[in-house]
Amino acid sequence: MHALTGVAALLLGVAVLLGAGCERDDTALQASLGAAASSTLNLRLLRSRDQGASWRLDEAVLAHGVSSLHACTVEGRVWVPALLDTRSIPWWETAFPIPFLDSFQSSDLTTWTAHRSPLRGDTTGGVDPACVVGPRGLEMWFAEVLGSFEDPAKGDHVSQIWRSRWLGDRFGEAEIVTTGTGLIDPAPIYIDGALRLFLNKDGDHIVELVGDTLVDRWMRVTVPAAVDLGDRRWLLGQAPRGPGMMPVAREILADGLGDPFPLAIDAELHSCESPSMTTLGPEWLLFCVQTNIPGQPQ
């Protein structure tokens, strides 16, 4: 192996330091906050004060150009990890890839900040980030599809499901929880301290990892997200409705899932993809991606 030049060695040192723990911001990520007239992927927030019987859509677009959402609340602060749909990748990130997590965070649902946090571990990065509060605090999960640059939901690609724990100021070393074919969109939830893990399988249905076995749970519904609502737990997913995708939910039971039911989403929202819920105080919060549908007002 050739010796690194002085400049390359310096850049590699910077990359290692970044990956070791300090948080950094990205200009494109910061710029994604708020609305953009040309965006086709808008992050929207709906609120409910009657335990999901009705939902009110916030007028403002929270962010644009994002996908693959999840949401959780950590010590009074809402985290919404997501994938930035398009961004300029500096050459040094291509040369020295550093896995990272992008998230939007707020304590009052009015002022939001964008954060990019390095992830440590033997991974080059992944898709479909999901956060959950476990027995040891905040965890971040993601999927890494091996040997593919295609849609991770398509094809017989092997994927690894990773977990990283928050150490108070950074994420710790990531670990592989399970490996399989066609597995993406991890949706973890802890019930009485025990982990339940739901996943999107082959891009067309939801499964649950029970021991070492994948059990089919929900056909023709994708992109799972689990939420603990105190006296009940829900599993959300997206299903076709008209020209778009809309959220549906089922209660998580000890031995599977309850009957599916639609969520009473505001009629003006014609698409609500990648739905995820959390709570803050008395409000239930539903985040999703609004996509532009031809012929429908936005």
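Keep in mind the model is a prediction, meaning the values are calculated, not measured.

K.L.:
Residue-level account of the packing of aromatic side chains, with values.
P.N.:
Applying the stated criterion across every chain yields a total of seven aromatic pairs. Relative to Trp162, the ring of Phe142 has its centre 6.1 Å away and its plane inclined at 0°; by these criteria the two rings are stacked. In this pair, Phe142 sits in strand β11 (residues 137-145) while Trp162 sits in strand β12 (residues 158-165), placing the two residues 20 residues apart along the sequence. By the ring-pair criterion, three or more aromatic residues cluster together here, those being Trp79, Trp166 and Phe171. Positioned over the ring face of Trp218 is Arg250, at 5.2 Å from the centre of the ring.

K.L.:
Can you explain the pattern of salt bridges? Please cite residues and give values.
P.N.:
Counted under the stated rule, the structure contains 14 salt bridges. A salt bridge links Glu208 to Arg196; the shortest N-O distance between them is 2.4 Å. Highlighted residues: Glu208 in strand β16 (residues 205-210) and Arg196 in strand β15 (residues 194-201), separated in sequence by twelve residues. For Arg196, a relative accessible area of 14% gives the class buried. For Arg233, the salt bridge identified is with Asp228, shortest N-O distance 3.6 Å. By relative accessible area, Asp228 is classed as partly exposed at 36%. Residues participating in the shared-partner salt-bridge network are Arg47, Arg49, Arg56, Asp58 and Glu283.

K.L.:
Now, about the state of the cysteines: what can you tell me, with residues and values included?
P.N.:
In this structure the tally under the stated criterion is two disulfides. Disulfide partner of Cys72: Cys131, at an S-S distance of 2.2 Å. What sets the handedness of the Cys72 and Cys131 disulfide is the S-S torsion sign, and at about -120° it is left-handed. With Cys72 in strand β5 (residues 72-74) and Cys131 in strand β10 (residues 127-134), this pair connects stretches of sequence that are 59 residues apart. When sorted by exposure, Cys72 lands in the same class as Cys131, which is buried. Each sulfur of the disulfide joining Cys272 and Cys288 lies 2.0 Å from the other. Measuring the twist about the S-S bond at about -105°, one finds the Cys272-Cys288 disulfide to be left-handed. In this pair, Cys272 sits in the loop between β22 (261-262) and β23 (273-280) while Cys288 sits in strand β24 (residues 283-291), placing the two residues 16 residues apart along the sequence. Both residues of the pair, Cys272 and Cys288, belong to the buried class. Cysteines bonded in the protein chain are numbered consecutively along the chain; their disulfide partners then correspond to 1-2, 3-4.

K.L.:
If you had to explain the confidence of the model for the protein chain to someone new, which residues and values would you point to?
P.N.:
Mean pLDDT over the protein chain works out to 84, with 82% of the residues at or above the 70 mark. Segment residues 1-25: pLDDT under 50, and 31 contacts once partners within four positions in sequence are set aside and those in other chains are kept.

K.L.:
Give a detailed account of the sheet that holds β5, specifying residues and quantitative values.
P.N.:
Strand order across the open sheet formed by four strands is β5-β6-β8-β9, with antiparallel pairing between neighbours. The open sheet terminates on both sides in strands that have one partner only, identified here as β5 and β9 (113-118). When the angles between neighbouring strand axes are averaged without regard to direction, this sheet yields 35°. Here β5 pairs with strand β6 (residues 77-81) via three bridges, running antiparallel. Within β6, the position partnered with Val74 by the bridge is Arg77.

K.L.:
How would you summarise the pairing of β12 if you had to cite specific residues and measurements?
P.N.:
For β12, the buried fraction is high: seven of the eight residues fall into the buried class. Examined bridge by bridge, β11 and β12 share seven bridges and lie antiparallel to one another. The residue bridging Val145 from the neighbouring strand is Ser159, located in β12.

K.L.:
Pulling in residues and values, what's your account of the sheet that holds β12?
P.N.:
Pairing in this open sheet of four strands is antiparallel, and the strands run β10-β11-β12-β13 from one edge to the other. Each edge of the open sheet is held by one strand with a lone partner, namely β10 and β13 (175-181). Ignoring strand direction, the axes of neighbouring strands in this sheet form an average angle of 20°. Relative to β11, β10 runs antiparallel, the two sharing six bridges. Within the sheet, the bridge partner assigned to Gly134 lies in β11 and is Gly137.

K.L.:
So, unusual backbone geometry: which residues are in play, and what are the values?
P.N.:
Most peptide bonds take the trans configuration, and most residues that are not glycine carry a negative phi. Although it is not a glycine, Leu109 sits at a positive phi angle of roughly 65°. One can find Leu109 in the loop between β8 (100-106) and β9. Overall, the relative accessible area of 6% leaves Leu109 in the buried class. Of note in this structure, Arg220 is not a glycine but carries a positive phi near 60°. When you line up the elements, Arg220 lands in the loop between β17 (213-219) and β18 (222-228).

The rules we used
Residues numbered from 1 in each chain as written. Predicted model: local features only at pLDDT ≥ 70, side-chain atom pairs only at ≥ 80, totals over all residues. Heavy atoms only, no water. Phe/Tyr/Trp six-rings, centres within 6.5 Å; stacked < 30°, edge-to-face > 60°. Helix = DSSP H or I, 4+ residues; strand = E, 2+ residues; numbered from the N terminus. Lys NZ or Arg CZ within 6 Å of the ring centre and 35° of its normal. Salt bridge = Lys/Arg side-chain N within 4 Å of Asp/Glu carboxyl O. Buried < 20%, exposed > 50% of the residue type's maximum accessible area, 1.4 Å probe, protein only. Disulfide = S-S within 2.5 Å. pLDDT = per-residue confidence, 0-100. Contact = heavy atoms within 4.5 Å. Pairing = 2+ DSSP bridges. Axes fitted to C-alpha atoms, helices over the stretch in contact; angles between N-to-C directions.

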